[in-house]
Amino acid sequence: MSRTRSICPFCGCGCSFYILTEGDRVIGVEPSAGNPVNKGMLCAKGWNAFDFVNSPDRLVKPLIRKQGTLVETSWDEAITTVATRLSDIGSRSGPRSLGFLSSAKVTNEENYLFMKMARAAFKTNSVDHCARL
Amino acid sequence: MAGLAAAFGSGAMTNSIGEFEGADLFFVIGSNTTAQHPLIGARIINAVEGGATLIVADPREIPLVSYASLFLRQNIGTDVAVMNGMMNVIINEVLYDETFVATRTEGFEQLKETVAKYTPQVVEKISGIRAADLEEAARRYAGADKAMLVYAMGITQHATGTDNVKTCANLAMLTGHLGRAGTGVNPLRGQNNVQGACDMGGLPNVYSGYQRVNDDAVKDKFSKAWGVQGLDDQVGLTITDMMTAARTGDLKALYVMGENPILSDPDGSQVELALSNLEFLVVQDIFLSETAALADVVLPAACYAEKEGTYTNTERRVQISHCAVKPPGEAKVDWEIICRVATAAGYSMNYDSSWEILKEINTVTPSYGGITKERLEKGDGLQWPCPNSDHPGTAFLHKDRFTKGLGTFLPCEFKPVAEPPDEEYDFMLTTGRIYCQFHTGTMTRRTNMLEREAPRPTFEINPEDAKRLGIRDAEMAEIQSRRGAIRLRAEVTSRVPKKVVFTTFHFHEAPVNILTNPVHDPVSKIPEFKGCAVKIRRIA
Ligand code: SF4
């Protein structure tokens, strides 16, 4: 069994814990004792913050809509489609026709990069996230 | 958080979780802390057991109430009136911090003028709180040496959310409960990285570190750092504006990362309409959410356990997280997907790890300047502002001066909820979070233990109302607003006052956001989740 330092993904308290893994599988979490935020405690949500990781419902392949339905596709096709469609719409209707919704669940680095993509690659400030909600 | 930024120059929680132990008094308004932020709730309970005083203001009798010495049960949407009333008492009885007001603030005269008419008797009529209770709350909050004001979405999710927040700031400044340990105005953030998403510029008006997009010097700085010309210098669209623009056809494409706006937005059916009207929708997520099901392309992402990086909690503490397992199947880490899309669109992005991105953040974001991987690895995180690698981080803000210099009183008038109950729609619906489910439930619904504890959507209704309508506990009923109807089970409880029903927005079987009112706060654009008029009917 190995232990990996991480942060509970379920609320803004930011409790610190270790993810316990057996091979490729997450089997539990263990609060870190010394952390000033949670001092070795977790709430019920935190103790269960590993179950969904192994869920059979996880997305495992890119999907693309063909004749109305979502079907599996390759990363190359998915990425090319996204980049081309966004670029085309942006050059045809202007950057204001594009919107980007960032996430209060992903890392700081990913949030930074997402807004950088919206602003540097697609030239729009229309980037927001759902924390207003 | 526009209200706090206008008052103090910074929109984040002013103080720290660790300081909860040293406070003498907590004034908790619009936060069901034990449900939404369980471990902060536990801190408050500990402090109360150690002798601190707790005052709770909430329309519902939330669990914290049993620890409170005073419970103010205000009518929904009357927070501004309640706090103006407290300030009225504090000024009349000269209980305010005269030195603090004189040396650290501006605008006191206007505040005094505005709150003058909010006498406890007037406020009793508006809020339903007895004048004597309001006076006592005012005296206790002002009289405490160190008082922490704590709020959450009960304050922000109103059409008057920005006014509510400004009024919290007024109250804390008036009494000098700011700039010291164990005091402050403390908004508790909902999702795990809301603070970080804002700090990193996931907002239409600012780059990372709240650097304004319409400031030429800032634009030049980012043009150079990113090696790009022609950055947009106009403030962009908020999520609410985007949904409107999608309906009118002005917004044609949307890229959604890790969010499910159909369930989290106030007017779910309108959002669905808006998204269906787009030419192109991309959703990047770990599950096929309701929003992803509408997409043209769905990109499978990694979850927190499958990647490395940093997150910023509600007290501005940046903490490190490492990768425990590989993502399932072909799923990829979000930052790698972003790099590939940007590069394919002609703007090359190459990073070898999250840490290389963090280094770039350090160089362009002053408040994160000293927050490096090495330091995070060694300690328990760093609280921004932390401008350089020798800086220890900042436990509480506004010590000797406010971020913007003087703190500004921004007095607000009480405005009634946008859609009050009437004869036909005679109940007020309010929404919130219950203990075991998290936001729209995409993660928690797939966590077996949590699904078992709170398996079905219910709504709370007062025993007297239930009796009148012939609805018994656990029976199905229909809640109808002007926008739609949902069916769910009743939980008959005096936790809610008469003529108020409460439910959550976690369950796709009964998406409550079909009902709620999309009228939003003109500044923060936060929609009114906390109150709309509905009618209730028994399903025979
Ligand atoms: S363990 Fe509970 S209180 Fe701590 S971050 Fe997770 S959900 Fe929040």
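Residues numbered from 1 in each chain as written. Chains lettered and ligands numbered in written order. Predicted model: local features only at pLDDT ≥ 70, side-chain atom pairs only at ≥ 80, totals over all residues. Heavy atoms only, no water.

A.B. asks: Would you mind showing me how to read the overall build of chain B here?
C.D. replies: Counting its secondary structure elements, chain B contains 20 helices and 23 strands. Burial statistics for chain B: of 540 residues in total, 64% are counted as buried. (Helix = DSSP H or I, 4+ residues; strand = E, 2+ residues; numbered from the N terminus. Buried < 20%, exposed > 50% of the residue type's maximum accessible area, 1.4 Å probe, protein only.)

A.B. asks: Please clarify how the packing of aromatic side chains should be interpreted in this entry.
C.D. replies: Aromatic ring pairs are reported here in terms of the distance separating the ring centres and the angle at which the planes meet. In this structure the tally under the stated criterion is 18 aromatic pairs over all chains. Centroid distance B:Tyr210 to B:Trp384: 6.3 Å. Interplanar angle 45°. Geometry classified as tilted. Of this pair, B:Tyr210 sits in the loop between strand S7 (206–207) and strand S8 (211–212) while B:Trp384 sits in the loop between strand S14 (382–383) and strand S15 (407–408), and the two are 174 residues apart along the sequence. B:Tyr210 gets classed as partly exposed once you look at its relative accessible area, which sits at 34%. Overall, B:Trp384 belongs to the buried group, its relative accessible area being 6%. Here the aromatic cluster, defined as three or more aromatic residues joined through ring pairs, consists of A:Phe10, A:Phe17, A:Phe52 and B:Tyr304. The positively charged end of B:Arg316 is found above the aromatic ring belonging to B:Trp384, 5.9 Å away from the centroid. One cation-aromatic arrangement involves B:Lys499 over B:Phe427; the distance from NZ or CZ to the ring centre is 4.8 Å. (Phe/Tyr/Trp six-rings, centres within 6.5 Å; stacked < 30°, edge-to-face > 60°. Lys NZ or Arg CZ within 6 Å of the ring centre and 35° of its normal.)

A.B. asks: Got a minute to help me understand the domain arrangement of chain A in this structure?
C.D. replies: How big an interface is tends to be stated in terms of the accessible area lost upon association of its parts. Split by domain assignment, chain A resolves into domain 1 (2–47) and domain 2 (63–129). Taking only C-alpha atoms, the centre of domain 1 of chain A and the centre of domain 2 of chain A are 32 Å apart. (Domains from an automatic or database assignment.)

A.B. asks: How should the side chain of A:Ser32 be read in this particular structure?
C.D. replies: Residues and elements named next belong to chain A. Checked against the element boundaries, serine 32 lands in the loop between strand S3 (25–31) and helix H1 (44–47). Using a relative accessible area of 9% as the deciding quantity, one classes serine 32 as buried. Within polar-contact distance, the side chain of serine 32 engages the side chain of serine 16 at 2.6 Å. When near neighbours in sequence (up to four residues on either side) are disregarded, serine 32 contacts Ser16, Phe17, Tyr18, Asn38, Lys39 and Gly40. (Polar contact = N/O pair within 3.5 Å; in protein donor to acceptor, adjacent residues only side chain to side chain. Contact = heavy atoms within 4.5 Å.)

A.B. asks: Is there a simple way to think about the nonpolar core in this case?
C.D. replies: Nonpolar side chains tend toward joint burial in soluble globular proteins. In terms of nonpolar packing, the biggest core is built from 107 residues, with A:Phe100, A:Met117, B:Phe26, B:Trp226, B:Tyr255 and B:Tyr304 touching the most fellow members. The element that contributes the greatest number of residues to this core is helix H3 (residues 108–121) of chain A, accounting for eight residues. With near-sequence residues (within four places) excluded, A:Met117 lies in contact with A:Phe100, A:Phe122, B:Tyr255, B:Ile338, B:Val341, B:Ala342 and B:Met349. One finds B:Met87, B:Tyr118, B:Leu149 and B:Leu174 within the second-largest nonpolar core, a separate group that totals 48 residues. (Core = buried A, V, L, I, M, F, W, Y, C linked by side-chain atoms within 4.5 Å.)

A.B. asks: How should the environment of B:Asn313 be read in this particular structure?
C.D. replies: Checked against the element boundaries, B:Asn313 lands in the loop between strand S12 (309–312) and strand S13 (317–321). Exposure remark for B:Asn313: the relative accessible area of 2% places this residue in the buried category. C-alpha of B:Asn313 to C-alpha of B:Arg189: the two residues are 124 residues apart in sequence and 7.8 Å apart in space. Residues in contact with B:Asn313, not counting those within four places in the same chain, are A:Gly12, A:Cys13, A:Gly14, A:Val37, B:Ile17, B:Asn192, B:Gln195 and B:Gln319. A distance of 2.9 Å separates a polar atom in the side chain of B:Asn313 from the backbone oxygen of A:Cys13.

A.B. asks: Any chance you could explain helix H13 (residues 239–248) of chain B here in plain terms?
C.D. replies: Along an α-helix, residues three or four apart share an orientation, since each turn contains 3.6 residues. Within the sequence span of H13(B), burial applies to B:Ile239, B:Thr240, B:Met242, B:Met243, B:Ala245 and B:Ala246. Positioned one or two residues after H13(B), B:Gly249 has a phi angle of 90°, which is positive.

A.B. asks: What exactly am I supposed to notice about the confidence of the model for chain B here?
C.D. replies: Detailed reading of the predicted model is not advised wherever pLDDT is low. Residues and elements named next belong to chain B. Put simply, chain B has an average pLDDT of 87, and 88% of its residues get 70 or more. Segment residues 433–439 is flagged for pLDDT under 50; beyond a separation of four residues in sequence, or across chains, it makes 49 contacts in the model. Scoring the predicted complex yields pTM 0.85 and, for the interface, ipTM 0.97. (pLDDT = per-residue confidence, 0-100.)

A.B. asks: What should I look at first to understand the environment of B:Ala35 in this one?
C.D. replies: With respect to the element layout, B:Ala35 can be found in helix H2 (residues 33–36). For the pair B:Ala35 and B:Leu64, spaced 29 residues apart in sequence, the C-alpha to C-alpha distance is 9.6 Å.

A.B. asks: How should the site of the ligand be read in this particular structure?
C.D. replies: Residues in contact with the ligand, as listed here, are A:Cys8, A:Phe10, A:Cys11, A:Cys13, A:Gly14, A:Cys15, A:Leu42, A:Cys43, A:Lys45, A:Gly46, B:Pro38 and B:Leu39. With respect to the ligand, the chains having nearby residues are chains A and B. Elements represented by at least two residues in the shell around the ligand include exactly H1 of chain A together with helix H3 (38–49) of chain B. (Near = heavy atom within 4 Å.)

A.B. asks: Even after reading the chapter, I still don't get the sheet that holds strand S2 (residues 16–22) of chain A, so can you show me in this structure?
C.D. replies: Working definition: the strands of a sheet are paired by backbone hydrogen bonds and lie parallel or antiparallel to each other. Residue and element names in this part refer to chain A. Strands sit in the order S1-S2-S3 across an open sheet of three strands; the sheet is antiparallel. Single-partner strands in this sheet number two, and they are strand S1 (2–7) and S3. When strand polarity is set aside, the average angle formed by the axes of neighbouring strands in this sheet is 35°. Pairing geometry for S2 and S3, over six bridges, is antiparallel. Bridge assignment links threonine 21 to a residue of S3, and that residue is valine 26. (Pairing = 2+ DSSP bridges. Axes fitted to C-alpha atoms, helices over the stretch in contact; angles between N-to-C directions.)

A.B. asks: So what exactly am I meant to see when it comes to helix H2 (residues 75–93) of chain A here?
C.D. replies: Residues and elements named next belong to chain A. Between its first and last C-alpha, H2 extends 27 Å over 19 residues, near the 27 Å set by a 1.5 Å rise per residue. Residues of H2 that are buried include every one of Trp75, Ala78, Ile79, Val82, Ala83, Leu86, Ile89 and Gly90, and no others. Buried residues in H2, looked at end-on, bunch into an arc of 145°, giving them a common side. Counted as exposed and oriented over 90 degrees from the buried face of H2: Asp76, Ser91 and Arg92. After H2 finishes, the residue glycine 94 shows a positive phi value of roughly 90°. (Expected span 1.5 Å × (residues − 1). Arc of directions from axis to C-beta.)

A.B. asks: Any chance you could explain the pattern of salt bridges here in plain terms?
C.D. replies: Any two side chains of opposite charge can pair, so long as their charged atoms come close to each other. On inspection of all chains with the given rule, the structure shows 38 salt bridges over all chains. A salt bridge links A:Glu110 to B:Lys307; its shortest N-O distance comes to 2.9 Å. Pair noted here: A:Glu110 is in helix H3 and B:Lys307 is in the loop between strand S11 (297–300) and S12, and the two residues belong to different chains. An identical accessibility class is assigned to A:Glu110 and B:Lys307; each is buried. As a salt-bridge pair, B:Glu93 and B:Arg139 come within 2.8 Å of each other at their nearest N and O atoms. With B:Glu93 in the loop between helix H4 (79–92) and helix H5 (98–104) and B:Arg139 in helix H8 (residues 131–143), this residue pair connects regions lying 46 residues apart in the sequence. (Salt bridge = Lys/Arg side-chain N within 4 Å of Asp/Glu carboxyl O.)

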